[in-house]
Amino acid sequence: MASTLPELRATSTLARPVSWKSQVFLALLTALLLDLCFPLAGPMPPWQGAIAWIALVPLLFAVLRAPAASHPRYLRNSAATGYLCGIAWYVLNSYWIYQTMHVYGGVPPFGAAGILLLFSLVLGLYFGLFAWGLALCHRRLGLLPALCLAPLLWPAIELLAYH
């Protein structure tokens, strides 16, 4: 009896999802790496395009952590992590919306920032839905099938959104 107690503790510790601090860090890191893939102006240097091959790795690690798949809040935590990543990426990548609204639209600075934030909050849902779908595939099918379905999941979400 005493020998099974440490095993249960180790199992329950491993079944916990990535800590919220780690999830936030990984989501923000993914957003930053994704933003680095886009040039500000002019031709893109080759190193910048190479980042695209690894940009989603931190988010995939946060969402597809194997022991966490059995946790009751796994799907919700995965969706929240993806949503945070999406919000951060859209704020970083759509910086021009602030300038356009403020300079050309005559919107005050706080209003322009609010428009950018609302834009990011809405479009960040794509990342949240992607992470939730990926976590659902991971829970039901396993890690390898989820990784194989990941490249198909994003276009499927885009098709559903626009048709």
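Residues numbered from 1 in each chain as written. Predicted model: local features only at pLDDT ≥ 70, side-chain atom pairs only at ≥ 80, totals over all residues. Heavy atoms only, no water.

## Re the overall build of the protein
The secondary structure content of the protein amounts to 8 helices and 0 strands. Ordering the α and β elements of the protein from the N terminus gives α-α-α-α-α-α-α-α. Burial statistics for the protein: of 163 residues in total, 35% are counted as buried. Intrachain contacts of the protein at a sequence separation of at least 6 include 71% that bridge at least 24 residues. If you sum the accessible surface of the protein, you get close to 10200 Å²; carbon and sulfur atoms cover 76% of it. (Helix = DSSP H or I, 4+ residues; strand = E, 2+ residues; numbered from the N terminus. Buried < 20%, exposed > 50% of the residue type's maximum accessible area, 1.4 Å probe, protein only. Contact = heavy atoms within 4.5 Å. Areas by Shrake-Rupley, 256 points an atom, 1.4 Å probe, with all protein chains shown as cover.)

## A word on the packing of aromatic side chains
If you walk through the whole model with that rule in mind, you get 9 aromatic pairs. Seen in terms of ring centroids, Phe38 and Trp89 are 5.7 Å apart; in terms of plane orientation they differ by 50 degrees. Their pairing is tilted. On the criterion of sequence distance, the pair formed by Phe38 in the loop between helix 2 (20-36) and helix 3 (46-50) and Trp89 in helix 5 (residues 74-93) is long-range, its members being 51 residues apart. Exposure remark for Phe38: the relative accessible area of 41% places this residue in the partly exposed category. Ring geometry for Trp89 versus Phe127: centroids 5.9 Å apart, planes at 45 degrees, classification tilted. Separated by 38 residues along the polypeptide, Trp89 in helix 5 and Phe127 in helix 7 (residues 109-141) bring together distant segments of the chain. Here Trp89 and Phe127 have matching classes, each one buried. By the ring-pair criterion, three or more aromatic residues cluster together here, those being Phe38, Trp89, Tyr90, Phe119, Tyr126, Phe127, Phe130, Trp154 and Tyr162. (Phe/Tyr/Trp six-rings, centres within 6.5 Å; stacked < 30°, edge-to-face > 60°.)

## Section: the packing of helix 7 against helix 8 (residues 143-162)
Following both chains from N to C, one finds helix 7 and helix 8 inclined at 145 degrees, their axes separated by 9 Å at the closest point. As helix 7 runs across helix 8, the sense of the crossing is right-handed. Contact residues: helix 7 offers Tyr126, Phe127, Leu129, Phe130, Gly133, Leu134, Cys137, His138 and Leu141, while helix 8 offers Leu143, Pro145, Ala146, Leu149, Ala150, Leu153, Trp154, Ile157, Ala161 and Tyr162. Of the residues belonging to the contact of helix 7 with helix 8, the class tally is 17 nonpolar, 2 polar and no charged. (Axes fitted to C-alpha atoms, helices over the stretch in contact; angles between N-to-C directions. Left-handed = near helix turned anticlockwise from the far one by under 90°. Nonpolar A, V, L, I, M, F, W, Y, C, P; charged D, E, K, R; others polar.)

## Some thoughts on the nonpolar core
In terms of nonpolar packing, the biggest core is built from 30 residues, with Val63, Tyr74 and Leu134 touching the most fellow members. Mapped by element, the contributors of at least two residues to this core are helix 2, helix 4 (57-63), helix 5, helix 7 and helix 8. Per-element accounting of this core gives the leading share, 8 residues, to helix 7. Excluding anything up to four places from it in sequence, Leu134 contacts Leu60, Val63, Leu64, Ala146, Ala150 and Leu153. (Core = buried A, V, L, I, M, F, W, Y, C linked by side-chain atoms within 4.5 Å.)

## Points about helix 2
Here helix 2 spans 24 Å end to end across 17 residues, near enough to the 24 Å set by a 1.5 Å rise per residue. Among the residues of helix 2, Gln23, Leu26, Ala27, Thr30, Ala31, Leu33, Leu34 and Asp35 are the ones counted as buried. Contacts made by the buried residues of helix 2 are with helix 4, helix 5 and helix 7. (Expected span 1.5 Å × (residues − 1).)

## Quick look at the environment of Leu56
Note on placement: Leu56 falls in the loop between helix 3 and helix 4. The spacing of Leu56 and Ala27 is 29 residues in sequence and 9.2 Å in space, taken between C-alpha atoms. Excluding anything up to four places from it in sequence, Leu56 contacts Thr30 and Leu34.

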